[in-house]
Amino acid sequence: MKNKVAFITGAAKGIGRATAVALSTSGCHLILTDIDTAALAEVKTSIEATGGKVSTYLLNVADQDEVNAVHEQALKDHQRIDYFVNNAGISGTLAPLHLMPRSEWDKVIAVDLNSVFFCLQAQIKILLPQGGGNIVNVSSLAGKKGVAYGVPYSAAKHGVLGITKSAAVEYGAHNIRVNAICPSFLETDIIEPLPNEILDFITNHRVPMKRLGKPEEAADTIAWLLSDKASFVNGHALVMDGGMNAG
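Computed from a prediction, not measured in an experiment: that's the story for all the values here.

Caption draft 1: View of the overall build of the protein. For the protein, the count of helices and strands is seven helices and seven strands. Ordered by position from the N terminus, the helices and strands of the protein form the series β-α-β-α-β-α-β-α-β-α-β-α-α-β. Its C-alpha atoms give the protein a radius of gyration of 17 Å, near enough to 18 Å, the size a compact globule of 247 residues would have. The C-alpha extent of the protein, read off along each of the three principal axes, is 50 × 35 × 35 Å.

Caption draft 2: Structural view of the packing of aromatic side chains. One pass over the full model with this rule turns up two aromatic pairs. Seen from their ring centres, Phe-7 and Phe-84 are 5.5 Å apart, and the 50° between their planes marks the pair as tilted. One end of the pair, Phe-7, is in strand β1 (residues 5-8); the other, Phe-84, is in strand β4 (residues 83-86), with 77 residues separating them in the sequence. A single burial state applies to Phe-7 and to Phe-84, both of which are buried.

Caption draft 3: Inspection of helix α6 (residues 196-206) at higher detail. Those residues of α6 that fall on the buried side of the exposure criterion are Leu-199, Ile-202 and Thr-203. Here the buried residues of α6 occupy an arc of 90° about the axis, which is enough to place them on one side. In this structure, α6 carries Glu-197 and His-205 as exposed residues pointing more than 90 degrees from its buried face.

Caption draft 4: Quick peek at the environment of Trp-105. Examined against the element boundaries, Trp-105 turns out to sit in helix α4 (residues 102-130). You can call Trp-105 partly exposed: its relative accessible area is 34%. For the pair Trp-105 and Gly-150, spaced 45 residues apart in sequence, the C-alpha separation works out to 9.6 Å. Setting aside residues no more than four positions away along its own chain, Trp-105 makes contact with Val-151, Pro-152 and Ala-155.

Caption draft 5: Quick peek at the environment of Ile-35. Following the sequence through the fold, Ile-35 ends up in the loop between β2 (29-34) and α2 (37-48). Excluding anything up to four places from it in sequence, Ile-35 contacts Leu-58, Leu-59 and Asn-60.

Caption draft 6: Region of interest: unusual backbone geometry. The phi dihedral of Asn-3 is positive, around 70°, even though this residue is not glycine. Relative to the helices and strands, Asn-3 resides in the segment before β1. Overall, the relative accessible area of 49% leaves Asn-3 in the partly exposed class. At Asn-175, a position not held by glycine, the phi torsion is positive, near 65°.

Caption draft 7: Examining the pairing of strand β5 (residues 133-138) more closely. Counting buried residues along β5, six of its six residues qualify, which places the element largely inside the surrounding structure. Taking every second residue as pointing to the same face, both faces of β5 are buried, with Gly-133, Ile-135 and Asn-137 on one and Asn-134, Val-136 and Val-138 on the other. By the bridge criterion, four bridges tie β4 to β5 in an arrangement that is parallel. Residue Phe-84 lies in a different strand from β5, and its bridge partner there is Ile-135. Since β4 and β5 lie parallel, the crossover through α4 that links them has a hand, and here it is right-handed. Bridging between β5 and strand β6 (residues 176-183) involves six bridges; their strand directions are parallel. Bridging from a neighbouring strand, Gly-133 pairs with Ile-176 of β6. What joins β5 to β6 is helix α5 (residues 151-171), and the crossover it makes is right-handed.

Caption draft 8: Expanded view of the side chain of Ser-154. Positionally, Ser-154 belongs in helix α5. A polar side-chain atom of Ser-154 sits 2.8 Å from the main-chain carbonyl oxygen of Ala-142. Ignoring any residue separated from it by four or fewer positions in sequence, one finds Ser-154 in contact with Ala-142, Gly-143, Lys-145, Gly-146 and Val-147.

Caption draft 9: A look at the packing of helix α3 (residues 64-78) against α4. Across the interface, α3 lies against α4 with an axial gap of 8 Å and an inter-helix angle of 30°. As far as their axial angle goes, α4 and α3 are roughly parallel. Between α3 and α4 lies a crossing whose hand is right-handed. Two secondary-structure elements touch here, α3 through Gln-64, Val-67, Asn-68, His-71 and Leu-75 and α4 through Phe-118, Cys-119, Gln-121, Ala-122, Gln-123, Ile-126 and Gln-130. Of the residues that constitute the contact of α3 with α4, the class distribution is six nonpolar, six polar and no charged.

Conventions used here
Residues numbered from 1 in each chain as written. Predicted model: local features only at pLDDT ≥ 70, side-chain atom pairs only at ≥ 80, totals over all residues. Heavy atoms only, no water. Helix = DSSP H or I, 4+ residues; strand = E, 2+ residues; numbered from the N terminus. Rg over C-alpha atoms; globule rule 2.2 N^0.38 Å. Phe/Tyr/Trp six-rings, centres within 6.5 Å; stacked < 30°, edge-to-face > 60°. Buried < 20%, exposed > 50% of the residue type's maximum accessible area, 1.4 Å probe, protein only. Arc of directions from axis to C-beta. Contact = heavy atoms within 4.5 Å. Pairing = 2+ DSSP bridges. Right-handed = clockwise from strand over helix to strand, strands pointing away. Polar contact = N/O pair within 3.5 Å; in protein donor to acceptor, adjacent residues only side chain to side chain. Axes fitted to C-alpha atoms, helices over the stretch in contact; angles between N-to-C directions. Parallel < 35°, antiparallel > 145°, perpendicular 65-115°, else oblique. Left-handed = near helix turned anticlockwise from the far one by under 90°. Nonpolar A, V, L, I, M, F, W, Y, C, P; charged D, E, K, R; others polar.

Right, dumping it as structure tokens:
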């Protein structure tokens, strides 16, 4: 992976930041995007302090025009991009379906689902002339199972898997692999809305490994899917949940 160029959305925190560190350690040049400019700058400084090469761009992934503009500028600045990680997402507000505000549905679908469609359109247009490349979309275990009080999030993450599979089928012959990861509960900001008693119950009674996952574990999984070690893995939704979905 040395000297490959990797583009990551939602790179300022959580899985995105951990993936940036993992890919930098593997020798990739990084293109990091987020809406949190201060946190993004801190990630850049931290990785560059260890010898990494980093470029950053402000990006609201829910805005298609902005998505297209940032991808075009990143390609212009770097000449080629080999890997894409579509990680940006939000969890949304917890509420039962019949009380879920339309505004909440629209917000979560825009950030967690529409953005993946927008990004993939821009990314495929970059990878086709290059002769290939690899993409990983960050879905969730909620993309495989129903989630009470999180209908917009679960719907969006199910949609991400549908997009992933369709893209893999369409572009596999063009040497473009598209995969997804489906993490459950990781130690990131996205679980902050959950009360501690719910997290304790999940950890002690739902996850066979009796712990939450770490963003670094998701990052290592993403790095493997992007690498040549996963060269025949395409259209796959890799579950990483400590065994939660097995029981």
